[in-house]
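# Summary of the model geometry
Below, each chain spelled out in residue letters.
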Amino acid sequence: MTPMKFVARRSEERGNADHDWLKTFHTFSFAMYQDRQHELFGSLRVINEDLVAPRTGFGTHSHREFEIFSYVVSGELEHKDSMGNTEVLKRGDLQMTSTGTGISHSEKAHGPKQVHFLQIWSVPSESRLPPKYYTRHFTDEEKADKWAKVVAPVGAEDVVVEREASGPAPVNSPLTLYATILGHGKSLDKVFEGEKGYIHVVQTSGYNDKKASGASVLISSQGSGEELTLREGDDTYIFVGKKGTSMTVENDGDRSGEILVFDLD
């Protein structure tokens, strides 16, 4: 059986653009950044790490046939859409839009501060689904030194298909997303149920388009000896090998790190 394998995706290798009002990093091909080696991984299609200046943002635009979710790191994000949803999202909020046959929306920084959020897209398992909108909230305490399941497939355990509820937000893709805020010297194991995984260390220490800095995280595969050190903004493709294989995530730096892990079929 093939052992678990890590392929690093370093922060400074991501697509990067500074539009003054928007500073953004693209993990996968997006807009003007195109790289055939980084276009899709399982159903995962987009991870954009966006920093939007106060009272600016993305004007009304349209999407279809994507599951789009926003993970708010800091500041406030104002969302409006053609389904009649108007909401201000804050730290710990996660907003999911299943665009299906088509929606229009806008996303802007609300209030006097910059908003930092991750915009994540996945490819749905079915086409022409009716558009839906969901919000969830997860406190820092729910993520502290443990995995919080923040997104999971429709039909999975603990998934409630309602606009507002507890538990993970529903997604129409074979994708489960976990988040943690891992303290100095702490470690967590993550067992993968799918054939692929992906890890992203959130760039909480501020905009940096050079070599990654900030929190330091060591990931290692139990049984294969594979290991890799990541810092803020760094990512890793994970080829699981055998379903049920476990990865250890250890904070070996001097500060807490906010970490997202995707479990993908």
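About the criteria used
- Residues numbered from 1 in each chain as written.
- Predicted model: local features only at pLDDT ≥ 70, side-chain atom pairs only at ≥ 80, totals over all residues.
- Heavy atoms only, no water.
- Pairing = 2+ DSSP bridges.
- Helix = DSSP H or I, 4+ residues; strand = E, 2+ residues; numbered from the N terminus.
- Axes fitted to C-alpha atoms, helices over the stretch in contact; angles between N-to-C directions.
- Buried < 20%, exposed > 50% of the residue type's maximum accessible area, 1.4 Å probe, protein only.
- UniProt positions renumbered as here; feature names shortened; annotations may be inferred.
- Contact = heavy atoms within 4.5 Å.

## What about the sheet that holds strand β7 (residues 77-81)?
Each strand in a sheet pairs with another by means of backbone hydrogen bonds, the pair being arranged parallel or else antiparallel. Spatial strand order, β5-β10-β7-β8: four strands in an open sheet with antiparallel pairing. The open sheet terminates on both sides in strands that have one partner only, identified here as β5 (57-63) and β8 (86-89). For this sheet, the mean angle separating the axes of adjacent strands, direction not counted, is 15 degrees. As paired elements, β7 and β8 share four bridges and run antiparallel to each other. Each residue of the ladder has a partner; that of His79, found in β8, is Glu87.

## Focus on the pairing of strand β19 (residues 227-231)
Going residue by residue along β19, you find Leu228 and Leu230 tucked away on one face and Glu227, Thr229 and Arg231 left uncovered on the opposite face. Sheet analysis places strand β18 (residues 216-221) next to β19, joined by five bridges and oriented antiparallel. From the neighbouring strand, Ser216 faces β19, where its bridge partner is Arg231. Hairpin remark: β18 followed by β19, antiparallel, with five residues in the connecting loop; positive phi at Gly223, about 105 degrees.

## What to know about the UniProt feature "binding site: Fe cation" (unreviewed entry) in the chain
Per the UniProt record, "binding site: Fe cation" (unreviewed entry) is found at His61, His63, His105 and Glu107. The largest pairwise C-alpha distance within this set of annotated residues, which runs over 47 residues, is 13.0 Å, so the set is compact in three dimensions. Mapped onto the fold, His63 is located in strand β5. Leaving out residues up to four positions away in the same chain, His63 has contacts with Ile68, Thr99, Gly102, Ile103, His105 and Trp121.

## Notes on the pairing of strand β15 (residues 175-182)
Of all eight residues making up β15, eight are buried, and the element is well covered by its neighbours. Burial of the side chains of β15 extends over both faces: Leu175, Leu177, Ala179 and Ile181 are buried on one face and Thr176, Tyr178, Thr180 and Leu182 on the other. Two elements, strand β13 (residues 148-153) and β15, share three bridges in a ladder whose sense is antiparallel. Pairing of Ala148 across the sheet is with Ala179, part of β15. With eight bridges joining them, β15 and strand β22 (residues 257-264) adopt antiparallel strand pairing.

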